[in-house]
Every structure is written in structure tokens, then in C-alpha cells.
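# Coordinate inspection notes
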Number of protein chains: 4
Amino acid sequence: MQMKTAAVAGASGYAGAELIRLLAGHPDIEVGALTASGNAGSTVGDIAPQLTPFADRVLDETTPEVLAGHDIVFLALPHGHSARIAAELGEDTVVIDCGADYRLRDESAWTRFYDTPFAGTWPYGLPELVTGDGTKGRESLRGARRVAVPGCYPTAVSLALAPGLAAGVCEPEDVVVVAASGTSGAGRAAKAHLIGAEVMGAMSPYGVGGAHRHTPEIEQNLALAAGRAARVSFTPTLAPMPRGILATATARVAEGCDERAVRDAWSRAYDDEPFVHLLPEGRWPRTGDVLGSNQVHVQVTLDAHAGRVVAVAAVDNLTKGTAGAAVQSMNLALGLPEDTGLPVIGVAP
Amino acid sequence: MQMKTAAVAGASGYAGAELIRLLAGHPDIEVGALTASGNAGSTVGDIAPQLTPFADRVLDETTPEVLAGHDIVFLALPHGHSARIAAELGEDTVVIDCGADYRLRDESAWTRFYDTPFAGTWPYGLPELVTGDGTKGRESLRGARRVAVPGCYPTAVSLALAPGLAAGVCEPEDVVVVAASGTSGAGRAAKAHLIGAEVMGAMSPYGVGGAHRHTPEIEQNLALAAGRAARVSFTPTLAPMPRGILATATARVAEGCDERAVRDAWSRAYDDEPFVHLLPEGRWPRTGDVLGSNQVHVQVTLDAHAGRVVAVAAVDNLTKGTAGAAVQSMNLALGLPEDTGLPVIGVAP
Amino acid sequence: MQMKTAAVAGASGYAGAELIRLLAGHPDIEVGALTASGNAGSTVGDIAPQLTPFADRVLDETTPEVLAGHDIVFLALPHGHSARIAAELGEDTVVIDCGADYRLRDESAWTRFYDTPFAGTWPYGLPELVTGDGTKGRESLRGARRVAVPGCYPTAVSLALAPGLAAGVCEPEDVVVVAASGTSGAGRAAKAHLIGAEVMGAMSPYGVGGAHRHTPEIEQNLALAAGRAARVSFTPTLAPMPRGILATATARVAEGCDERAVRDAWSRAYDDEPFVHLLPEGRWPRTGDVLGSNQVHVQVTLDAHAGRVVAVAAVDNLTKGTAGAAVQSMNLALGLPEDTGLPVIGVAP
Amino acid sequence: MQMKTAAVAGASGYAGAELIRLLAGHPDIEVGALTASGNAGSTVGDIAPQLTPFADRVLDETTPEVLAGHDIVFLALPHGHSARIAAELGEDTVVIDCGADYRLRDESAWTRFYDTPFAGTWPYGLPELVTGDGTKGRESLRGARRVAVPGCYPTAVSLALAPGLAAGVCEPEDVVVVAASGTSGAGRAAKAHLIGAEVMGAMSPYGVGGAHRHTPEIEQNLALAAGRAARVSFTPTLAPMPRGILATATARVAEGCDERAVRDAWSRAYDDEPFVHLLPEGRWPRTGDVLGSNQVHVQVTLDAHAGRVVAVAAVDNLTKGTAGAAVQSMNLALGLPEDTGLPVIGVAP
């Protein structure tokens, strides 16, 4: 296949830098324009020294002119900024948005959590999401020209629990999720509560009680899986690690389902997936094991005493949780093998 | 008051060392015998260099003879070892057991999780636990000669959720708890999955699906608070920090209760407590803020959308979670002011 | 003794909060005014939630009027701000400056590193510093009305190496020091390179090649010990931990000195010190062991092959490295037992 | 090029697992036998869950029979075990030893630090090492059938300082090195002082005073660079991070050399190297920036006041520090482009 060119808008953030890392290792992609807003004019080396081969590249200003002419444009911008850029990029350009702008189908859900106008809904970049009708998320991504990359928490939670909801072994009405995220999930802006001395050695929740913006996206995915509305209590917590999400999701078990039925549902959903690995019984996911990779490690059990299915997923919030999903979606959009150029082994220990 | 002497059995473990730290700062206590099993003959400095003033003390063998003659004996032994020692210590000795042996009231719950004979039930060392009849846990501790110190997870979970159950604003039948613990909670035995390279940068669950031994103790406490049986889905996780527990506990809100009713319940329970601090609205607990202190930081909110009360508590698993609770119980047993000698300020950042 | 009142100026920084923690545990001190600059008007709980008993206290504006009338005033201000405040506080007030303003004796050393006028020199708050004439630093502190608290790095480096220089077993002309500090040493200002995701999992040097402001203070102390000029290559590094300094200091061994002579020098210097603990041979300091305490752990050996003495010290940068030294100096100034109210046991693990 | 097969002996250790990660991404290599000693019979997933695609592979016993027949055999064994295996593998097999057995040229240096017989000396796998005669380490590796992979500390220290010694701008007689290593450098054996609660939040030195086995290897490399004997004071420290080495190396500056001469020496040595990156002036290496990559980040400055050149290098101890160097050496041995299959971008933040 002929090399394609890819631009990254928002290259000075964590998602942008991770996109560059992955694209640099992709055999069919040539990295084109790298753009930023406040950091335009800086070198990549100033901002993201880990990108050694790009150290001397200067970040351009994020404008449609700079981004035009690439085969693929990745947007890693603050929410509300993607529509204006996307509108200027024609249908011959594949646009993959890592922000929230095009993820939600329900305008009212958008307006409850965001202060910018509803932009619309694009195909959703979660290829492994099982739905109630037996299809998976990748159906809508093949040949797509526009993709909305999922949020990192929704990726972990949805992949943890969707198989059981789709198979009817657990119920969507009273799902409880507690998830821990490494601090890169909060971005690279300098905020007092995020400095190292504050976060090392400490766990804390935030956005509790339904206040986190990812809640409607999680419910949207779980409803798709269940075939009916989902209601989720979601508590995100900040963990003392740079990367990684561990999502613990529980749902009431459906009447009459046993451990075998539960395990079968997850096994059917994931046995053939290249990036979702259902661990052998007795082993539980660990975020460190998927560091820097596009893998999701999943495990599930039935707590018969409590009447709940407990499913746990570990992802790297920047790789499978953002940039890896973006590249995976790009592969589907371009008709490439879905796993092209994506790391499948974590950097552990 | 005249000085009392206190011995620590199991002084080479983390709980034992923390007991020594607290007792050394207690104005009415003189530290007596320090004993160990495999580490007998080592100096304190070899095992726990942080205990500088005790560096040259040699650890004795744990025997009733060595422990006899003290006013107070703290047991920080592996489960199943306390009964034999306690039997040899008369009623003139206050015995405070940091192990699990005497916590449970229900023998069948014990035998489901432990392979040693059921030892009995001692007064339970959680002074702030609100119960359905309007009393608190400290009632049974005043003048007690035997105390069972709570487990670290049950302390955090019970203090997080009991006020709402006791006040009837939430329900005990479908409680979901996910808690993160620092790795000192797993003890100081050298195990491959606990070495630094494995745990730093990684979150992972364990004992999922009701398999953790602390589950019946949590249910026992929550049932006491609610006045009826509690059913808990409990998922503990290992977090990359040395100390601290963050427990996120959710329960279905009772019909007709609003945010105000919820907040009032917690406020009534804790406004006068010296060691439980209900944070101002909008601020959430952070384990780092209670490091090395006997404080519990608690916050609660109502997620009306999900129909759940979400309560969060942060404790230091070794201080309020173990050794601090032991000293606080000792104070009550001896008739001292309950907060004597206990640190109330965390070592942060 | 009658209670004395102490004010803390700069209470919203890390040093200020640690001062409050220590003063709250001091039997002879009542905490008075707590002041801040940009954070004036906030509560202590907003800024430093670990100070639970002070959670509702509102921070005053830092002015001489607010600080006047206390027996002791602690200044924890950015450099260059102490002189103006101190000038307004009479000699009946003990003023203890945690900043750099009054540490240096040599005006030219000051002006090489700071852009504000040289303020003068106050008695130096390092009681254990051995000097070439056989005295120790505490001589100048008894009854002092003004004290300059040492920098955290100079504390660690000077206590590590001074005994050998004072005893003549090693030489001050080519000292090499590499020290690692927890990130609280950089303060609590929100800077991009200090956010958790940047510092966790990473070590990095800064201020290399003599560029760090602590270099002249280190050389001043080592020269005092040696009785002649010292020349130091100092490289500080940022380590992925909230607190703690580990200083590794090497100096050329003096002609004819053996391991015994080296050990004797350190032993003589520290055997009677309450806060400096020379570890038994074969054990090396670990920052975690002094966390939250006023202890310094020190070890030394002779590398005969390399011709260098290697001395290592571990301190908590905020406790013995700043606030603990301030309180220890205050005790000396007030004629109290030097160790009053100071924690001697680290919060480990 | 035709695919080659590679076996890994010692696949259950950290170095072995990292070799598998890199070899799995190498376009010309097929991963063959994976062997272990105590862990033989376990699956890769049991031991190293990050190696998802190999999760079901069972580890064979480490025997010459199992290893025979591969084009390349990597040995990642405890010291003293390589000779017996290597002797059974013919010259048609490329054998790359990640252990210490074949690194040293001086038998007496070996016997001072190791209790097994001296095995001999193999070509040394540090391609970028500049030597006094103007050649680099890679000369001896092209077409080699046996390679001794350097120790992780010697890699970092030698690459930091060799350019200045080779150019004569600094002197080898009184080199002082302090290096910090992530705890994976201590291996994955369960030892009490390495468990997470002990190492998180703590820095500590070990092997001080010339006691670390890597000292003669460092001196050997620096002597090769300088063209005369080197004398090194080496202090390794354990840092609270899983991976990474930060080595700070200082050497006395040669008479008459200025900053420009220093910088030129390093620039000449590394400007064309694919895996050693001399950072722009003012930026210093950070271990996190090379995580999981084969990069070395280097910086140097002249401290004219102290009369010392200060050079700092950051490497990932498992990648460029071990497994990456092994694969790089294999590439040279096989006549492949030296950088084939090696990651050049770090997984940061």
C-alpha cells in the first residue's frame, strides 16, 4: 500500500504525543503536520522529549490550512474545537476526533455536560463493542471518513461489561462502576492538585455522583449492548500512577444465570479479538500489564452472594484509551488490517 | 495517671511497628516487651529502621511468659494465633487483638473464610460506628479487658456508609463497595506479586466476587447500622502507594430521601467525632491527607440519576485502620481520654 | 513553662503547613496567626486538608500587624520577603526564617544567586553541625532572637560530611555531591514539569554544574567544618516521591586515614545527638525511614580503591530539612529542651 | 532476509520478558524456545502477563537440547550459568549473553566479585562506546558469534562519560558516579527489602564504597575510552520507580578545557548515533523519556568552579540497558541494519 500522510492537531498534549508515537511505528503512515495552540513555535523536544526522532520538529499553529492536504487528520483538541476544523476538511480526508464532540447521540446529554453547541454524532471508534443485535462496533468504522474516538473511561467500562449485557446475563438498570485512572488522564495542564507531591501516595475520587462527563457516554454504550436503557453510578478516582485505567463494573445478575453462563458470554465476545484478552480464571487485570499497548485485559466473575456480576478491565488510557483506538479506527477506515502498527505487548514491569 | 506498660506481640510486622510508633508517643504508656516469631533475635533497627529510638532493642520470642506482667498486650499475629496467647493472659491484662480472630459474631462466617477454629467474639474496636439503636461502638469499649480491632477495609467501609443506613436514608440490601489499598495492607512478607517493580505504576483487584475475608465483617457492621441484614459486593484493589485506603461505597437511596436528608445523616453521626471528619461539600477525601494519622476523612453525595448514595472514606490502613484504632480502644478500656496520644494531622504532602 | 504563641507567615506553602503540624504537637506552643499572600482568605482545609483540626481556620494576609504580638514568628516566604517583615518585629519576638535570606555570610555569594539585596546573616539553625574548632552549631542558637533555618539540601549534605572534614579524615577541596529530593522540595506552585504524570516514574537532574542556589550554603558549612575553603560539585535530582532527600557526598580521604579513623570521626560527632543516627555498619539510610520525623540517618564508608570517603544522609526535606529544624531552633532560642515536641520516629513503610 | 529463529533462556526474569517483547516486534526474527529454571512448566501468562500474544506458551526447561537449532540464543541467566550452555551451542549459533560472565577482560577483577570460575571475554555489546583509538564498540560486533551484553549501570555511566575521556577533555583518575535505578534492576525475586511498601516513597543506596559488581566493568570501559587506567567511586541507589537509570558522572576537567571543548567532544561522539541523543543545552535527561525505548539521553556541562565535567545519562535498564542492547548487538552480528526492530520513542508520560 502507498504511504498515507497523517497530521496531528493538538500535538502538544498527552493524546497528541501518544498519537505521534504510534504513527511513527505504523508502516503505512508518514507523519505530516504537527500543530498546537499555545505551544505553537515550540519544538517537539521541548514539549515531549520522549519523541526523540521528532525532537527538532517545530509545532505549527492549528489551522485548517496547515492540516489540509493530509490523507488523515487526527484532532486532539479541547472539547468544542473540532467542528470548526472538521468543517474545512473535505470528505477525501479521514478525520478522527479524539475529543468528546461527536461521541454522543443524544443532544440533551451533551448540553447537560458541555457549554458548547452540540456538533453531531460520528461513527464511534470502539470496534470491539458488542451490541444487542449481535454486531460489533467495527461495522460502522470500515471505510468511514469521520470517527469519534471513545473516552478512556467509557472504553474500559464498556469493554468490561458489554458482553454480559448483550448476552442478557446481567442487567443494565443498576450498574455501579468505580474506576481508577493514572493522572495523565487529567491532561498536561499545570494545576495545583495535580502536581506530583499532591498525587503521589494518594488516591482520591472526583466528579462523584454522576458529575463526570463520561457518564452519558458510558450509559449510551451499555444501552447499545443491553438493547434497553442503562443507569450507571460512576465514580472515577485519581491513582498515583502516570497511565492506566482499572475499571471495576458490577451489574445485577439476571435471574437464573450461573458462573458458566457469565463466563461464556465474555468468552464468546472476546475470544477472537486481537486487542481484548479475557484472562484465564483466577487471574485479574493489572494496569501495568497493558502499559503502552493497545491491549485490554478483562476478567469477570459472578458474586452469587451479592447477586452481582463483577467485571474488571485494564487499559492504558493514552493508548487503547485514546491514541491506539484512534489508529485502530483509522486502519478500519482505510481498509488496512485492523491491528496494523499497534503495539500488542505492554511495557512491564 | 500512673504509667502503664504495654507489650507488642508481632512487633516485626507492619501493624506491630506502627503500634510501637504510636505507643512511643503516648504520654501514659511505657513500651515493654516487643516480640516476634521468625524475626526473634533481630533488633528493631534491622526490621523497622524508622523506629530510631528502639533501634538496638532485640525482639523476644512471642510467648505468654514474655508477655505476662504488662498492663496491656497488643497482639499483631497471623490469624488463628491469638486465642492461645490470650488464654494465658489474665483479666487484669487488657488484651487488644489486631488480628481477625475475635471480630466476627457468626461462627459460620468465620469458618467459611478461615481454616482455624472459631475463637469467639470480643468487643469491637470501632468507637465511631453508629448503630440502628442510636448507640455507638464506643459503648462496649469502656473498661473492656478484651478488644478485637477491626480490619482496615471494614473500618473504612463501615465509617463511610453506616450513618446513612442507621438513619434509614439508604438501604443495606445491595451495597456495592470498591476500595483501593496501599500495599502495606498485604503485609511485609516477601511475595513475588508485591515487589516494587510489580506494584508501582499498576492497579489490580484481588479477592473479587466475595472472596475477600473482610466481606462478612463489613456486612456485620452494616447490618448493625441498618438494623437488618446487609448484602455487599466488595472489590478490593491494590494501589501503587505504601499506605492508605480509599473506600467508595454505594447503596440504593431510600424512597423519598433527598440530598439534604443524606447530608444530615452523616453530619449528625460525625460532627462531634474527634477522628472522623465530614468534609465540606464539594471536597473529597484523599488518602494522602490522613497519612500517619488517626483521622478518617468522609464525604457523601446523592446520585439522584442512579438512585444511589455514594459515600467515600479515606483512612491510613496502618494507623486508624489498625494500630490507631488499637490505641484508641486501649484509651477507652483504660478510662483515658479517647484521643490521648493519637496523631490527628496527616503527614502530607 | 507558660504557653507561648507562634505565628506562621506563609502558611499555605508546604513548609508552612509542616510548621503547623509540628507546632500543633508541641506542648509549649499555641498556634496563633496563620498568614498567606495569594491564598489569604482561603481556609486551611482548602489548602492543606491534612491539618484537620485547623480545617476551618481562615488564612490572614501576611502583614507585620497580623504577626505582631506573638512570642515567635516563623517566616516561610519566598526569598527576599523576610527582611521587611522582620524589621517590624521587635527583639522581644523570636523570628525564625525558613527562607534563604539570612543564611549566607558572604554577600557576593548571595548576589551571584539572588536578585534581591543582601539582607544580612543570622545564627544558623543547624545544631548538629560540627565545626573545626570543636563546637557545634547549637552554640549560637541558645537564646537567639533571630534564626536562619538551613536549606534542605545543605542540611543533608553538611550532616553527611562535616564530621570527616572536622576530624581531618577527608578533604574539602574536591567534594562531589549528588542528591535526590522528593518533589515537595520544589514547592506547591503548579508548574508543568512538576505535575504527577511528569514526575512519577522519572528521575532527572536540575541546576547542574554549580547552578543550584544551595551550592554556596553547602560550601559555607563544609568550610566551617574543615577550617578551610571547600569546593563542591553539587548535582540535585528530582525523585519520584513526595518527600525525602538522599544525599550522597564523597570527599578525598586524607593521607593515612583508614576505615576505623573514618568511622570514629562520625561516631564522635553523632553518638550523643538525639536527631542524627549513625547507622550500624552495613546498613544504609533510606528516606522512607525518616518520613515525617526530625531524624537524620547517616552512614559512611571508606572506598580505599577510589581514595574517597562516601557519606550518605537521609532526611525529610520538610521536617528536619525545614520545619523540624525551625522548631528545634526555636526550642534552643526559648531555652526549652532541644527535642521538645519533635517526632523522632518515621512514618514507614 | 529470511526469518531467523531466536530462543530465550531465562525467559521468566525481567530481562527475558523484555527480550520477548522486543523480539516479537522484530521483522526478521521468529521467537522460538522460551526456557526457565524454577518456572519451567508455567505459562508465559502466569509470569509475564504483559506478553499477551504469548500468554499460553509454556516455559521449557533450560537445557542445551531445547536451545539447540536456533539461529540465535539469548542467555538471561544468573551469573556463572552461561558457560555451560554456551559450550554446547556451536559457532553456527549466535549466542548473546545478558549476564556478567563474559564482560570482563581481567580475570582478577572477576574473581574479586564473583564466586564462579572466570569464563573468558566476549565481544562487548556497546556499539556506541568511543575508545581512545577513535573506533567505537560496534567494530567488534559485526559478524560476531558471541556477544557479552553490558550491565545496565555500565551502559549508562560509560555512554555518559566516555566522549570526554576519549577526547582528553576530562581525566579518568578520580571519577565519581552516583546512579539511581528503578527496582526492576534488582530482578523479580521476592526479597523483603524490595516489596512495594518498602521501596515506594524511598531512596536508598546499596553496594557503596566500591562494593558493587559493576565497578570493574565501568572502569574497564572508561579506561578504554581514556587510553589509561580509570579509578571510579561508584554509588548505586534504588529509586521508587519500576524502570530507568539516571547516572550522574563527574570527572576532573583537563587543564585548559572550556565548555565549548567539552560540548564538542560529546557532540562529535553522538551526533550520528541513532540511539544516543545529546540533548540541546539547558535540557537534562529524564528516565521517563526513554521508558521502553532503546534511546539514551545524554547531557554534559562544565562546572568551572568545581573543576569538574558533569555528564548525565538516562536509559531504560531493561531496554537499552539489557534487552535492547542484546537485540542491537544481534543486528550487528547478523549483518542487519543496527536499528532494526528497536523502539526509538519512549512511553511517556
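See above for the structure.
Analysis parameters
- Residues numbered from 1 in each chain as written.
- Chains lettered and ligands numbered in written order.
- Predicted model: local features only at pLDDT ≥ 70, side-chain atom pairs only at ≥ 80, totals over all residues.
- Heavy atoms only, no water.
- Contact = heavy atoms within 4.5 Å.
- Buried area = accessible area lost by both parts, 1.4 Å probe.
- Salt bridge = Lys/Arg side-chain N within 4 Å of Asp/Glu carboxyl O.
- Helix = DSSP H or I, 4+ residues; strand = E, 2+ residues; numbered from the N terminus.
- Nonpolar A, V, L, I, M, F, W, Y, C, P; charged D, E, K, R; others polar.
- Pairing = 2+ DSSP bridges.
- Axes fitted to C-alpha atoms, helices over the stretch in contact; angles between N-to-C directions.
- Least-squares fit on C-alpha atoms with pLDDT ≥ 70 in both.
- Parallel < 35°, antiparallel > 145°, perpendicular 65-115°, else oblique.
- Left-handed = near helix turned anticlockwise from the far one by under 90°.
- Polar contact = N/O pair within 3.5 Å; in protein donor to acceptor, adjacent residues only side chain to side chain.
- Expected span 1.5 Å × (residues − 1).
- Bend = angle between axes of the 7 residues up to and from the residue.
- Buried < 20%, exposed > 50% of the residue type's maximum accessible area, 1.4 Å probe, protein only.
- Right-handed = clockwise from strand over helix to strand, strands pointing away.
- Core = buried A, V, L, I, M, F, W, Y, C linked by side-chain atoms within 4.5 Å.

### Comments concerning the interface of chain C and chain A
By a frequent convention, interface size equals the accessible area lost on bringing the separate parts together. Taken together, the contact between chain C and chain A spans 19 residues of the former and 19 residues of the latter. Summing both sides of the interface, chain C and chain A together bury roughly 1400 Å²; the carbon and sulfur share of this comes to 67%. Along the contact surface separating chain C from chain A lie zero salt bridges. No other element matches the four residues that helix H7 (residues 196-199) of chain C contributes to the side of chain C that touches chain A. For the side of chain C that touches chain A, the class distribution of residues is twelve nonpolar, four polar and three charged.

### Details of the sheet that holds strand S1 (residues 4-9) of chain D
Residue and element names in this part refer to chain D. Read across the open sheet, the six strands follow the order S3-S2-S1-S4-S5-S6; overall the sheet is parallel. Two strands close off the open sheet at either side, each with one partner strand: strand S3 (60-61) and strand S6 (146-148). Alignment of strand S2 (residues 29-36) against S3, held across two bridges, turns out to be parallel. Bridge pairing in S3 links Ala36 to Glu61. Relative to the sheet, helix H1 (residues 14-24) contacts S1, S2 and strand S4 (72-75), its axis offset from that of S1 by approximately 165°.

### What about the relation of the copies chain B and chain A?
The operation relating chain B to chain A is a screw motion whose rotation component is 180°, with 0.0 Å of axial translation and a residual RMSD of 0.0 Å. Each copy turns onto its partner about a two-fold axis.

### Comments concerning the packing of helix H6 (residues 152-167) of chain B against helix H8 (residues 215-226) of chain B
Residues and elements named next belong to chain B. The contact between H6 and H8 brings their axes to 8 Å, and the two run at 20°. By the angle between their directions, the pair H6 and H8 is classed as roughly parallel. Relative to H8, H6 is oriented so that their crossing is right-handed. The residues of H8 that touch H6, namely those facing Pro154, Val157, Ser158, Leu161, Ala162, Leu165 and Ala166, are Glu217, Ile218, Asn221, Leu222, Ala225 and Ala226. Residues belonging to the contact of H6 with H8 are distributed by class as follows: ten nonpolar, two polar and one charged.

### Here's the deal with the interface of chain B and chain A
Opposite the 40 residues of chain B that make contact, chain A presents 41 residues. Roughly 3500 Å² of surface becomes buried between chain B and chain A when both sides are summed, with 63% attributable to carbon and sulfur atoms. Summed over the three residues of chain B that lose the most area to chain A, namely B:Met203, B:Arg286 and B:His305, the buried surface amounts to 18% of that side. Along the contact surface separating chain B from chain A lie six salt bridges. The salt bridge involving B:Asp174 is made with A:Arg252; its shortest N-O contact spans 3.0 Å. The tally of links from chain B across to chain A stands at 14 residue pairs in polar contact (both at pLDDT 80 or more). Those elements that provide at least two residues to the side of chain B that touches chain A are strand S7 (175-181), helix H7 (196-199), strand S8 (204-205), strand S9 (232-238), strand S10 (245-252), strand S12 (296-303) and strand S13 (308-315) of chain B. In terms of residue class, the side of chain B that touches chain A is made up of 19 nonpolar, 13 polar and eight charged.

### Section: the relation of the copies chain C and chain A
By a simple turn and slide, chain C fits onto chain A: the slide is 0.0 Å along the axis, the RMSD is 0.0 Å, and the turn is 180°. Both copies contact each other with a shared surface, as 100% of the interface residues of chain C are interface residues in chain A too.

### With respect to the environment of B:Val199
Its location among the elements puts B:Val199 in helix H7. Along the sequence, B:Val199 and B:Val175 sit 24 residues apart, while their C-alpha atoms lie 28 Å from each other. Ignoring anything within four residues of it in the chain, the contact list for B:Val199 reads B:Thr183, B:His193, B:Leu194, B:Leu238, B:Pro240, D:Gly196 and D:Met200.

### Here we look at helix H6 (residues 152-167) of chain D
Residues and elements named next belong to chain D. Here H6 spans 24 Å end to end across 16 residues, near enough to the 22 Å set by a 1.5 Å rise per residue. Leu161 marks the point of greatest bend in H6, at about 45°, and the proline Pro163 comes within the next four residues. Buried residues dominate H6, accounting for 14 of its 16 residues. Positive backbone phi, at 75°, marks Gly168, one or two positions downstream of H6.

### Let's talk about the pattern of salt bridges
This model, assessed by the stated rule, comprises 68 salt bridges over all chains. Linking D:Arg308 and D:Asp174 is a salt bridge whose minimum nitrogen-to-oxygen distance equals 3.0 Å. With D:Arg308 in strand S13 (residues 308-315) and D:Asp174 in the loop between H6 and strand S7 (175-181), this residue pair connects regions lying 134 residues apart in the sequence. By relative accessible area, D:Arg308 is classed as buried at 0%. For D:Asp174, a relative accessible area of 9% puts it in the buried group. Through salt bridges with shared partners, a single ionic network connects A:Asp174, A:Arg252, A:Arg308, B:Asp174, B:Arg252 and B:Arg308.

### Concerning the sheet that holds strand S8 (residues 204-205) of chain C
Residue and element names in this part refer to chain C. Reading across the sheet, the seven strands line up as S8-S9-S7-S10-S13-S12-S11 and stay open at both edges, with mixed pairing between neighbours. Both edges of this open sheet fall to S8 and strand S11 (276-278), since each of them pairs with a single strand only. When strand S7 (residues 175-181) meets strand S10 (residues 245-252), the two strands line up antiparallel, connected through six bridges. Within S10, the position partnered with Ser181 by the bridge is Ile245. The strands that helix H6 (residues 152-167) touches are S7, strand S9 (232-238), S10, S11, strand S12 (296-303) and strand S13 (308-315); relative to S10, the one it contacts most, it runs at about 45°. Lying over the sheet, helix H8 (residues 215-226) contacts S7 and S9, oriented at roughly 130° with respect to S9.

### As for the pairing of strand S2 (residues 29-36) of chain A
Residues and elements named next belong to chain A. Among the eight residues of S2, seven are classified as buried, and the element is accordingly described as predominantly covered. Sheet topology places strand S1 (residues 4-9) next to S2; five bridges connect them, and they run parallel. Bridge assignment links Lys4 to a residue of S2, and that residue is Ile29. Where the polypeptide runs from S1 across helix H1 (residues 14-24) and back to S2, its parallel neighbour, the crossover connection is right-handed.

### Structural notes on the nonpolar core
Residue and element names in this part refer to chain D. Membership of the largest hydrophobic core comes to 47 residues, with the highest contact counts inside it found for Leu161, Leu222, Trp266 and Val309. Ranked by the residues each element gives to this core, the list is headed by H6, at nine residues. Ignoring any residue separated from it by four or fewer positions in sequence, one finds Val309 in contact with Val169, Cys170, Ala249, Thr250, Ala251, Val253, Val262, Trp266, Val300, Thr301 and Leu302.

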